[in-house]
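Listed here are the chains, written in short residue letters.
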Amino acid sequence: MKKIMYTLMGLLLTSLLFSQNDYQQEIICPCMLEFDFPKSIEDGNGLLQAFGGVPVLRFATAKIEGKKLICEYETAFAKFFFDGFGFTKGSNNMDDMSDIPYDLTLTLNESLLHNWTPSRKTVKLPNYHRGCVVYTLDRCAEDGKYSWKGAFYKSEYNGNRITLYRSYEDAARVNSTNTGFIIAKTNSGLYTTTPVTNPDIINNKPTVKKKKKK
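The text that follows walks through the structure, step by step, so that each part is easy to find. (Residues numbered from 1 in each chain as written. Predicted model: local features only at pLDDT ≥ 70, side-chain atom pairs only at ≥ 80, totals over all residues. Heavy atoms only, no water.)

This next bit is on the overall build of the protein chain. Summing up its helical and strand segments, the protein chain has two helices and 14 strands in all. Sorting the 214 residues of the protein chain into buried and exposed places 37% on the buried side. A separation threshold of at least 6 residues defines the contact pool for the protein chain, and within that pool the share at least 24 residues apart is 72%. Total accessible area computed for the protein chain in this model is approximately 12800 Å², and 53% of it derives from carbon and sulfur atoms. (Helix = DSSP H or I, 4+ residues; strand = E, 2+ residues; numbered from the N terminus. Buried < 20%, exposed > 50% of the residue type's maximum accessible area, 1.4 Å probe, protein only. Contact = heavy atoms within 4.5 Å. Areas by Shrake-Rupley, 256 points an atom, 1.4 Å probe, with all protein chains shown as cover.)

Following this line, the structure appears as structure tokens:
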């Protein structure tokens, strides 16, 4: 009787270990990276008008290098009202431009990242106009009535493409939609099931789904 019991327990443990090797996890890349303007601008220190919307880099592609899962993002910020960003300051004195930066430094909002490490956290956008700023650049009146000092900045940042990465231990592949990754305990386990596409991709949350082999 004991032999039969031990045999059954052994078969059960073997089955459980085999099943664990067949578990898959689908990891979805964040669909965008959101950046913040400098604190001096966000606090509204003399700021009259901002242009360009929220600084957002859209997801581009997923890839695997060595033991790292990598999410790549576009090299230019998403366009809203026009190509780039800008703001005007609450003074029309064009003689003093010291508080108008030549480069606009944006900082990555890390609160939206979950277990991902960014390749860099700040980017600089060079200006393409610095001085008199209105809705159209050709409407500056001589008396300053319709003009304010400010700057417009390009949407493409200086430097390399920004990526997010995280490590994995066993086996991994890029998923069929190229939006993330499939990981498993074994190489054969990567293809035993088809995980459901993660709905949290629309909420910018890289969560994990599990599905057991049938």
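The structure having been displayed, the exposition proceeds.
With that out of the way, let us pick up the state of the cysteines. Note on terminology: a disulfide is the covalent bond linking the sulfur atoms of two cysteines. Inspection of the entire model under this criterion finds one disulfide. A sulfur-sulfur separation of 2.0 Å characterises the disulfide bridge that pairs Cys29 with Cys71. With the S-S dihedral at roughly -80 degrees, the linkage between Cys29 and Cys71 falls on the left-handed side. In this pair, Cys29 is assigned in the loop between strand S1 (24-28) and strand S2 (32-36) and Cys71 in strand S5 (residues 68-73), connecting sequence segments 42 residues apart. A single burial state applies to Cys29 and to Cys71, both of which are buried. (Disulfide = S-S within 2.5 Å.)

By the element assignment, Phe80 lies in the loop between S5 and strand S6 (85-89). For the pair formed by Phe80 and Val54, sequence separation is 26 residues and the distance between their alpha carbons is 8.5 Å. Excluding its chain neighbours within four sequence positions, the residues that come into contact with Phe80 are Gly52, Gly53 and Val54.

Further remarks concern the pattern of salt bridges. For the structure shown, the criterion picks out five salt bridges. Between Glu65 and Lys63 there is a salt bridge, and its shortest N-O distance comes to 3.0 Å. Taking relative accessible area as the criterion, Lys63 reaches 28% and is therefore assigned partly exposed. Two residues, Lys185 and Asp170, come together in a salt bridge whose shortest N-O distance is 3.8 Å. Pair noted here: Lys185 is in the loop between strand S13 (180-184) and strand S14 (208-211) and Asp170 is in the loop between strand S11 (163-167) and strand S12 (171-174), with a separation of 15 residues, a long-range link. Residue classification places Lys185 among the partly exposed residues on the basis of a relative accessible area of 49%. Among the charged side chains, a network of salt bridges with common partners joins Lys63, Glu65, Glu72 and Arg161. (Salt bridge = Lys/Arg side-chain N within 4 Å of Asp/Glu carboxyl O.)

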